[in-house]
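# Coordinates in review
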Amino acid sequence: MTNLSIQAPIQPSELDPYRPAALADPYPVYARLREQGPVVFVPGRDIWLVPGYTEVVKVLRSHDDFVSGDGVTYAAATLRTERYPLIESDPPDHNRIRRSLQPAFMKDPIEALRPEIEAAAARIAAEVAGLGEFDAVQVVAQPMPDRAMQLLTGLTPPSRQTLAEWSDAVSRAEEPAGTPHHFELLTEALNWLVAEGIAAMPAHCLGRLIMSDGGTDGRLDPEGPERLMTLASIWMAGIDSTGALLGNAIDAFIEHPDQWELLRSRPDLIPNAVDELLRYEAPFRVFYRHTRAEVDLGGVTIPAGASVGVLYGSANRDPRQFPEPDRLDITRENARTHVAFGTGLHLCLGQPLARLEAAAMLTELTTRVERFERAGEPVRDPSQTVRKFAALPVRMIPAKGAA
Ligand code: HEM
């Protein structure tokens, strides 16, 4: 008798990563999506999802077939005609804008921020030590990128909470569950930039370089909204993303205390640990691309005009690229091949800064904290784009001999 293994048929909704259960724990859904094939159509939403590592890299590197200029969010294609410069542009415009910003993100200018970033990390770690029990989102995850982006751009926001809400609204406005309130917050942020933020920037900062000089080579358009939207999008891109990384990192170390202990004894592993944390919990769940002509991906034909969702978190847990992908392993040899920062033309511009912030924070915390424990139930944020915590109550056990 033949041994037949019969799998229960999968209902389309089970493959919908926007279901509340899938948002809370996306990894089982990602695994099922990867089993379905290189690209999976989700009928109710009219989207094509790319869950596997090889295909994600392929889509992100095939910018002629999978364009960004028709929007990179769930709603972009229908809701907006204006595009964000850079992230929602294609060559040749993308090359022009990126070239005029890239020098500000090279090694030397980012290294120049190191002393202040390290000082901020030391202040945050000292506060953590003083509090004992705290919400890691409020005390660690948000303050670090706030300070870093202030140092980078020259913008001092009205308050940390306001900035967190503005940054959150950038992605929330364009999610299936986006509301007019998120658009109001975005308008509020842009109005504040125009009325107050830009005028208060210091003489030498990235913000002035963009607004007054048009970037390092003066090629950002002085007419229309290009300069303002470039500044706004860089500023916002650096807040929620790095905050998510830091919150997710503390949670991951609570779940894997052996990895925290290892990191404390081997500070040389910090750079690799940052990559492994980004692999393990990609801060961005998804960005989109659009097709303008029919295109083949791994033997599946995607029609013209399709919205194609690139699932970073799923690619990062693909066992064909990362053995035992659901295990946090800060010594993982190929951790750096994760796609949490994307790849290709739109590879994250701010990644050197995000890495610096995370490494500085881990350096300080590993010195002062023997271990983190839960001090209450963590609350995942409802964002459908960013995987982050709304609240992460923790208790820190101080390291012996730490001041
Ligand atoms: C852990 C933190 C971060 C993560 C996970 C992250 C992730 C990403 C990803 C996945 C993309 C590619 C989007 C696409 O392919 O469509 C991207 C692009 C971008 N990121 Fe980040 N990012 C982070 C931090 C930052 C920071 C700190 C800044 C600013 C200082 C920044 C600025 C940008 C910009 C300007 C782009 C657009 C680049 C382009 O289109 O050429 N990001 N980021």
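Residues numbered from 1 in each chain as written. Predicted model: local features only at pLDDT ≥ 70, side-chain atom pairs only at ≥ 80, totals over all residues. Heavy atoms only, no water.

Attention now moves to the pairing of strand 11 (residues 393-398). In terms of strand pairing, strand 3 (residues 133-135) meets strand 11 through three bridges, oriented antiparallel. Residue Asp135 lies in a different strand from strand 11, and its bridge partner there is Pro393. As defined by bridge partners, strand 8 (residues 369-374) adjoins strand 11 across five bridges and the pair is classed as antiparallel. Note that in strand 11 the partner of Val369 across the bridge is Pro398. (Pairing = 2+ DSSP bridges. Helix = DSSP H or I, 4+ residues; strand = E, 2+ residues; numbered from the N terminus.)

Attention now goes to the site of the ligand. If you check the shell around the ligand, you find 28 residues, and the closest are His94, Arg98, Arg289, His346 and Cys348. Ile87 has a polar backbone atom sitting 3.5 Å from an oxygen atom of the ligand. Elements supplying a minimum of two residues to the shell around the ligand: helix 5 (93-101), helix 9 (143-153), helix 13 (226-237), helix 14 (240-255) and strand 4 (286-290). When residues of the shell around the ligand are assigned to their parent elements, the largest contribution, three residues, is made by helix 14. (Near = heavy atom within 4 Å. Polar contact = N/O pair within 3.5 Å; in protein donor to acceptor, adjacent residues only side chain to side chain.)

This part covers the sheet that holds strand 11. With antiparallel pairing, three strands are arranged side by side in an open sheet as 3-11-8. Here the strands that pair on one side only, and so sit at the sheet edges, are strand 3 and strand 8. Each strand of the sheet is rotated relative to its neighbour by a mean of 35 degrees, with strand direction disregarded. Sheet contacts for helix 7 (residues 114-131): strand 3, strand 8 and strand 11; angle to strand 3, the most-contacted strand, approximately 130 degrees. (Axes fitted to C-alpha atoms, helices over the stretch in contact; angles between N-to-C directions. Contact = heavy atoms within 4.5 Å.)

With that out of the way, let us pick up the coordination of the iron atom of the ligand. Among protein residues, the single donor to the iron atom of the ligand is Cys348 (SG), with a metal-donor distance of 2.3 Å. Counting through the fold element by element, Cys348 comes out in the loop between helix 17 (312-315) and helix 18 (351-368). (Donors = N, O, S within 2.8 Å, 3.2 Å for Na, K, Ca; no water.)

It is worth spelling out the pattern of salt bridges at this point. Per the stated rule, a full pass over the model turns up 32 salt bridges. Here Arg96 and Asp93 are joined by a salt bridge, their closest N and O atoms 3.3 Å apart. On the criterion of helical spacing, the pair formed by Arg96 and Asp93 is a turn pair, its members being three residues apart in helix 5. The closest approach of N and O atoms between Arg374 and Glu255, which form a salt bridge, is 2.8 Å. Placement of Arg374 in strand 8 and of Glu255 in helix 14 is noted, with a sequence separation of 119 residues between them. In this structure Arg374 comes out as partly exposed when scored by relative accessible area, which is 27%. Taken together, the shared-partner salt bridges connect Glu133, Glu370, Arg371, Glu373, Arg395 and Lys400 into one network. (Salt bridge = Lys/Arg side-chain N within 4 Å of Asp/Glu carboxyl O. Buried < 20%, exposed > 50% of the residue type's maximum accessible area, 1.4 Å probe, protein only.)

In this section: the packing of helix 15 (residues 257-265) against helix 18. One way to put it is that helix 15 packs onto helix 18 with a least axis distance of 9 Å and a crossing angle of 95 degrees. Viewed along their axes, helix 15 and helix 18 adopt a mutual orientation that is roughly perpendicular. Within the contact between the two elements, helix 15 uses Trp260, Leu263 and Arg264 and helix 18 uses Leu362, Leu365, Thr366 and Thr367. (Parallel < 35°, antiparallel > 145°, perpendicular 65-115°, else oblique.)

With that settled, consider the layout of surface pockets. By volume, the second largest pocket is sized at about 300 Å³. Lining the second largest pocket are 18 residues, and of these Val137, Gln142, Ala164, Asp240 and Lys388 lie nearest its centre. Listing elements by their share of the lining of the second largest pocket, those giving two or more residues are helix 8 (136-141), helix 10 (160-172), helix 14 and strand 10 (389-391). The residue inventory of the lining of the second largest pocket, partitioned by class, reads eight nonpolar, five polar and five charged. (1 Å grid on protein atoms, 1.4 Å probe; cavity = no way out; pocket = protein on both sides within 12 Å on 5 of 7 lines; lining within 4 Å. Points joined across faces, edges and corners; volume = space filled by probe spheres on them. Nonpolar A, V, L, I, M, F, W, Y, C, P; charged D, E, K, R; others polar.)

Now for the packing of helix 16 (residues 270-280) against helix 18. Contact geometry for helix 16 and helix 18: axes closest at 9 Å, N-to-C directions at 115 degrees. Between helix 16 and helix 18 the crossing geometry is right-handed. Counted together, Ile270, Val274, Asp275 and Leu277 of helix 16 and Arg355, Ala358, Ala359, Leu362, Thr363 and Thr366 of helix 18 form the full contact between these two elements. For the contact of helix 16 with helix 18, the class distribution of residues is six nonpolar, two polar and two charged. (Left-handed = near helix turned anticlockwise from the far one by under 90°.)

All right, on to the sheet that holds strand 4 then. Pairing is mixed across the open sheet formed by four strands, whose spatial order is 1-2-7-4. Each of the sheet's edge strands pairs with one partner strand only, and the pair in question is strand 1 (40-42) and strand 4. Mean inter-strand twist for the sheet, computed between neighbouring axes without regard to direction, equals 30 degrees. Sheet topology places strand 2 (residues 47-50) next to strand 7 (residues 307-311); four bridges connect them, and they run parallel. Note that in strand 7 the partner of Ile47 across the bridge is Ser307. Against the sheet, helix 3 (residues 53-61) engages strand 2, strand 4 and strand 7, with an angle of about 125 degrees to strand 7.

In short, geometric facts, not functional conclusions.
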